[in-house]
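Spelled out, the chains give:
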Amino acid sequence: MKRLSLNGPWQVEQIDGSVVAPATVPGCVHTDLLSAGLLADPFYRDDERAAQWVGEAAWRYRRTFDAPADFLQARRVLLHCAGLDTLAAITLNGQPVGETDNMFRTWEFDVKALLRPGENEIEIRFASALKYGQARLRERYIHSWSTEDHKLPGGNWVRKEQCNFGWDWGPQLVTCVIWRAIELLAFEQARLDDVYIRQTHHAESVTITCHVAAELAKPGPLHAHMTVSHNDAPIGEATVSLDQGRGAVEFAIPDPKLWWPRDLGEQPLYTVTVTLLDAGGAPLDSWTRRMGLRTLRLIRQPDAWGESFHFEVNGVPFFAKGANWIPADVFQNQVDAGRYRTLLEGAAAAHMNMLRVWGGGIYEEDMFYDLCDELGI
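Residues numbered from 1 in each chain as written. Predicted model: local features only at pLDDT ≥ 70, side-chain atom pairs only at ≥ 80, totals over all residues. Heavy atoms only, no water.

Enquirer: What exactly am I supposed to notice about the packing of aromatic side chains here?
Expert: Aromatic ring pairs: the centre-centre distance and the angle between the two ring planes describe each pair. Going through the model one piece at a time under the given rule, you end up with 13 aromatic pairs. Judged by centre distance (5.2 Å) and plane angle (65°), the rings of F104 and Y363 are edge-to-face. Of this pair, F104 sits in the loop between β8 (95–101) and β9 (107–110) while Y363 sits in the loop between β24 (354–357) and α7 (366–375), and the two are 259 residues apart along the sequence. Residue Y363 is classed as exposed on the basis of its relative accessible area, which comes to 51%. (Phe/Tyr/Trp six-rings, centres within 6.5 Å; stacked < 30°, edge-to-face > 60°. Helix = DSSP H or I, 4+ residues; strand = E, 2+ residues; numbered from the N terminus. Buried < 20%, exposed > 50% of the residue type's maximum accessible area, 1.4 Å probe, protein only.)

This is how it looks when you write it as structure tokens:
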């Protein structure tokens, strides 16, 4: 697998050409305009109202990049967009690539035929999600789960972060941008498409099973090799041959160190790496995750009031205590690993052991869950 990042400096322009500014990807149109001095701080006094034109406008992001000739010789070359916010139309060297309508999912497009060695230009146009939603709302009304005083109408017609349209705790700032990484991927034979881990707990061991799916660019024997380590010390490994790109590889961990919620025990984490190999054992792609070994069950029991419930971890009942997690910032590009750590360490210091990721925000970043694993949440 070869990767060519398209992150970094871009240019943002209002579609009518009235506003042009340098941009940073991943990013946000509001923070790009703030950095260029073209937008007043929407958190100061009532400047939120003066910023509404940003969400009502359509925007264009573009940049040029160099594509090496050997990169383009691969059998498959994909444009990988980890997050586009939200109604986007992509062109490459003036040719249409595709359109998107969902902020939360990853989008990929085959662009091998559109690329050329040397300089290329990519452009992504973002339509106003606010205007789109309001137009659909006029066609058919859908009730909004927030009062009209707090939320701009129409957002519930769009697969987009709902608090962008306002909430009782947050401002009405409808964003658009390339909000997660964007890159070109090139591969000749195959790549990992999905890895799903299951744990099976026994009396004195835990079996880790990795279900592997590979995307094939051409036929040929493939193997999946799994390694397991703890504190950088190897625990074991296993390899399996894949059948049409699919298979399951497993390894039993003897005397496992179990993961516990905060204040109930330690939080040991194991590192699992899966490497896709060709017939000669050369690596084609890899995948790595940290994980805790534990069971978690929801126990529901009838009682005098109808039904009660509680959670058990590793067979031990515990009192779940925590909070509702909303997005850490209106502009997600301003939330880095340090800020996640500060907030989650604060939750842990308050003896929280569970967080509910609120449904009006985003599907949280991997680093959020990784830190929760570290902190016993």
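Enquirer: Could you clarify how one ought to interpret the nonpolar core in this entry?
Expert: In summary, soluble globular proteins display a tendency toward joint burial of nonpolar side chains. One finds W10, Y61, L79 and I182 to be the most contacted residues of the largest nonpolar core, which totals 49 residues. When residues in this core are grouped by element, the largest group, four residues, is from strand β4 (residues 59–67). Contact partners of L79, with chain neighbours within four places excluded, come to L6, I90, V97, W107, E108, F109, V111, I122, I182, E183 and L184. (Core = buried A, V, L, I, M, F, W, Y, C linked by side-chain atoms within 4.5 Å. Contact = heavy atoms within 4.5 Å.)

Enquirer: Before we go on, may I ask you to explain the sheet that holds strand β14 (residues 205–216) in this structure?
Expert: By way of backbone hydrogen bonds, the strands of a sheet pair with one another, either parallel or antiparallel. Read from one edge to the other, the open sheet built from three strands follows the order β13-β14-β17, with strand pairing classed as antiparallel. Strands with a single pairing partner mark the edges of an open sheet, and in this sheet they are β13 (190–201) and β17 (246–254). When strand polarity is set aside, the average angle formed by the axes of neighbouring strands in this sheet is 20°. As defined by bridge partners, β14 adjoins β17 across nine bridges and the pair is classed as antiparallel. What sits directly across from T207, in β17, is A252. (Pairing = 2+ DSSP bridges. Axes fitted to C-alpha atoms, helices over the stretch in contact; angles between N-to-C directions.)

Enquirer: Would you mind going over empty space enclosed by the protein with me for this structure?
Expert: Sizing a probe to match a water molecule and rolling it over the atoms shows the empty space that remains. Scanning the entire structure with this criterion turns up five cavities of 30 Å³ or more. When its volume is computed, the largest cavity comes out at roughly 80 Å³. Along its surface, the largest cavity is lined by 13 residues, and D85, T175, W179, V330 and Q332 are the ones closest to its centre. Grouping the amino acids of the lining of the largest cavity by side-chain chemistry returns six nonpolar, five polar and two charged. (1 Å grid on protein atoms, 1.4 Å probe; cavity = no way out; pocket = protein on both sides within 12 Å on 5 of 7 lines; lining within 4 Å. Points joined across faces, edges and corners; volume = space filled by probe spheres on them. Nonpolar A, V, L, I, M, F, W, Y, C, P; charged D, E, K, R; others polar.)

Enquirer: Quick question: what am I supposed to make of the side chain of H30 here?
Expert: Within the fold, H30 resides in helix α1 (residues 29–35). Since its relative accessible area comes to 0%, H30 is described here as buried. Those residues in contact with H30 that sit more than four places away from it in its chain are L39, A51, V54, L173, V174, T175 and F331.

Enquirer: Explanation requested: the state of the cysteines in the structure shown.
Expert: One covalent bond between the sulfur atoms of two cysteine residues makes up a disulfide. Applying the stated criterion across every chain, the model contains zero disulfides. Considering cysteine sulfurs only, C28 is the nearest to C176, which forms no disulfide, with 7.4 Å between them. We classify C176 as buried; its relative accessible area is 7%. (Disulfide = S-S within 2.5 Å.)

Enquirer: Would you take a moment to explain the environment of A127 for this structure?
Expert: Note that A127 resides in the loop between β10 (118–126) and α5 (129–139). In contact with A127, not counting residues within four places along its chain, are A58 and L87.

Enquirer: Which parts of the structure should I look at to understand the pattern of salt bridges?
Expert: Two side chains bearing opposite charge may form a pair once their charged atoms approach each other closely. Under the defined criterion, the tally for this structure stands at 21 salt bridges. For the salt bridge of R341 with E345, the shortest nitrogen-to-oxygen distance reads 3.3 Å. Placement of both R341 and E345 in helix α6 (residues 337–349) is noted, with a separation of four residues, approximately one turn of the helix. On the basis of relative accessibility, which here comes to 30%, the residue R341 falls in the partly exposed class. Relative accessible area serves as the criterion here: at 37%, E345 is assigned to the partly exposed category. (Salt bridge = Lys/Arg side-chain N within 4 Å of Asp/Glu carboxyl O.)

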